[in-house]
Amino acid sequence: MSLPFVYEALPSRVVFGAGSLQKLPEEIDKLGASRALVLCTPEQRAIGADIVVMLGARSAGVFDGAVMHVPVAVAEEARDKARRLHVDCCVAIGGGSTTGLAKAIALTSGLPILAIPTTYAGSEMTPIWGLTEDGVKKTGRDVRVLPKTVIYDPVLTTSLPVALSVTSGINAIAHCVEALYSRDANPIISLIAEEGIRALAAGLPEVVKQPGNLDARSRALYGAWLGGVSLGAVGMALHHKLCHTLGGTFNLPHAETHTVVLPHAVAYNATAAPEAMRRIARALGAHSASEALYDLAASLGAPVSLQSLGMRREQLDQAADLAVQNPYYNPRQVTREGVRMLLENAFTGTRPTV
Ligand code: NAD
């Protein structure tokens with residue numbers, strides 16, 4: 001390890017463990033807050049209502065309109081509610097969409113966020129926000145949107161459907177994978193990222209077998225936390241860029257797209273990032289990082305082809321064009337031809353052999 005590096009720790013408090021949701025009222029007090037706006041999706045309205053009851057006088061109300069990719073109109077509505085109710089913090093219970101809405105509020109108001117993640121997406125550990133207007137998603141970094149406190153309670157993830165648990169978990173593995181060959185890679189985050197892959201690869205098969213098993217859920221959620229830390233700390237590369245393009249332009253589902261593309265992005269980068277590949281393979285207990293990632297997804301019953309997600313072959317050229325439009329960091333040079341080939345393999349779901 002001879003490379004120079006920069007490491008910046010992000011300030012956040014993590015409360016982890018089965019039953020830790022019970023600590024919510026005292027965690028609100030620790031934040032110095034007393035009037036929370038509870039945020040959730042329409043699908044998670046019931047748990048949002050439970051949180052309001054649990055908070056009692058510490059709750060000012062609930063906004064249950066969180067949706068994928070944070071449309072500006074929804075963000076404005078939620079900001080307006082936060083202003084009208086004079087809240088002094090947001091409690092986001094749900095996945096990346098709900099955390100994303102809290103971030104949109106924090107971005108303009110500076111209100112602190114207490115996040116209670118119920119998927120493995122990892123947004124709760126990052127200072128990255130995203131807002132969608134006229135079909136275009138803008139993202140940025142601002143430490144004001146980083147949740148101040150995160151409560152990880154594996155009990156809340158037992159209701160996450162198995163298929164979404166698997167793809168959401170592989171989404172978290174993708175954060176770890178790209179952290180290992182990031183331009184900003186550093187020894188601490190690489191330790192975290194490798195451990196994140198190991199925890200998720202061990203936890204997810206157990207989750208599939210027994211979705212209600214709290215040990216398995218804890219292990220997977222622990223890995224998801226480490227994935228979020230990795231994503232928040234260092235820049236990503238080709239895989240995340242491709243998934244962002246595919247999701248944004250062709251409206252493909254977020255976690256499933258990550259699951260399909262990951263083995264192919266890793267195969268693309270294999271020769272350019274040998275140390276990262278060694279660590280990914282080690283965490284998966286395998287010889288080849290890309291093959292093991294493909295096999296993990298397939299063995300867990302996850303989709304392995306873009307075709308099965310509803311993408312059409314005639315969209316592949318446009319996707320390749322978009323993916324090379326703006327230059328960005330990747331360990332291996334990103335060429336139109338190389339990306340087109342990668343997309344072809346991801347489209348058909350061919351097992352990589354690198
Ligand atoms: P999501 O938040 O959209 O949730 C998907 C669905 O599952 C929703 O209907 C939700 O209510 C439901 N759900 C969530 N947890 C559940 C549970 N435990 N039981 C039952 N249902 C549950 O999905 P996601 O994958 O967590 O988030 C995706 C979004 O997050 C994308 O917009 C992505 O861009 C964003 N994201 C942002 C960052 C960041 O750092 N800013 C990081 C990762 C993801």
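To be clear, the structure that these remarks concern was listed above.
Residues numbered from 1 in each chain as written. Predicted model: local features only at pLDDT ≥ 70, side-chain atom pairs only at ≥ 80, totals over all residues. Heavy atoms only, no water.

**Section: the sheet that holds strand E8 (residues 149-152)**
- The sheet built from six strands is open, its strands ordered E1-E8-E5-E4-E2-E3 with parallel pairing. On the outer flanks of this sheet lie strand E1 (13-16) and strand E3 (59-63), each paired with one strand and no other. The average undirected angle you get between the axes of adjacent strands in this sheet is 15 degrees.
- Relative to E8, strand E5 (residues 113-117) runs parallel, the two being bridged by two bridges. Bridge assignment links Ala 115 to a residue of E8, and that residue is Val 150.
- Here helix H4 (residues 96-109) sits on the sheet and contacts strand E2 (36-39), E3, strand E4 (89-94) and E5; the angle it forms with E4, its principal contact strand, is near 165 degrees. (Pairing = 2+ DSSP bridges. Helix = DSSP H or I, 4+ residues; strand = E, 2+ residues; numbered from the N terminus. Axes fitted to C-alpha atoms, helices over the stretch in contact; angles between N-to-C directions. Contact = heavy atoms within 4.5 Å.)

**Details of the pattern of salt bridges**
- Under the criterion given, the structure shown has 22 salt bridges.
- Salt-bridge contacts for Glu 194 lead to Arg 198; the nearest nitrogen and oxygen are separated by 2.6 Å. Of the two residues, Glu 194 and Arg 198 both sit in helix H6 (residues 187-209), four residues apart, roughly one turn of that helix.
- You can call Glu 194 buried: its relative accessible area is 4%.
- Because the salt bridges share partners, they merge into one network encompassing Arg 313, Asp 317, Asp 321, Arg 336, Arg 340 and Glu 344. (Salt bridge = Lys/Arg side-chain N within 4 Å of Asp/Glu carboxyl O. Buried < 20%, exposed > 50% of the residue type's maximum accessible area, 1.4 Å probe, protein only.)

**Describing the state of the cysteines**
- Here the structure, examined in full by the defined rule, presents zero disulfides.
- Between Cys 89, a cysteine without a disulfide, and Cys 90, which holds the nearest cysteine sulfur, the sulfur-to-sulfur distance is 6.8 Å. (Disulfide = S-S within 2.5 Å.)

**Digging into a nonpolar patch on the surface**
- Judged by side-chain polarity, Phe 5, Tyr 7 and Ile 188 come together as a nonpolar surface patch covering roughly 280 Å² of accessible area.
- Assignment of secondary structure puts Ile 188 in helix H6. (Patch = residues over 30% accessible without salt bridge, like charges linked within 9 Å, V, L, I, M, F, W, Y side chains within 5 Å. Areas by Shrake-Rupley, 256 points an atom, 1.4 Å probe, with all protein chains shown as cover.)

**A short note on the packing of aromatic side chains**
- Evaluation of the coordinates by the stated rule reveals three aromatic pairs.
- Taking the centre distance of 6.4 Å and the plane angle of 50 degrees together, the rings of Tyr 152 and Trp 225 count as tilted. Linking Tyr 152 in strand E8 with Trp 225 in helix H7 (residues 214-233), this pair joins segments that are 73 residues apart in sequence.
- Assessed through its relative accessible area of 23%, Trp 225 is described here as partly exposed.
- An aromatic cluster is built from Phe 16, Tyr 152, Tyr 222 and Trp 225, whose rings are joined through pairwise contacts.
- A cation sits over an aromatic face here: Arg 332 above Tyr 268, 3.8 Å from the ring centre. (Phe/Tyr/Trp six-rings, centres within 6.5 Å; stacked < 30°, edge-to-face > 60°. Lys NZ or Arg CZ within 6 Å of the ring centre and 35° of its normal.)

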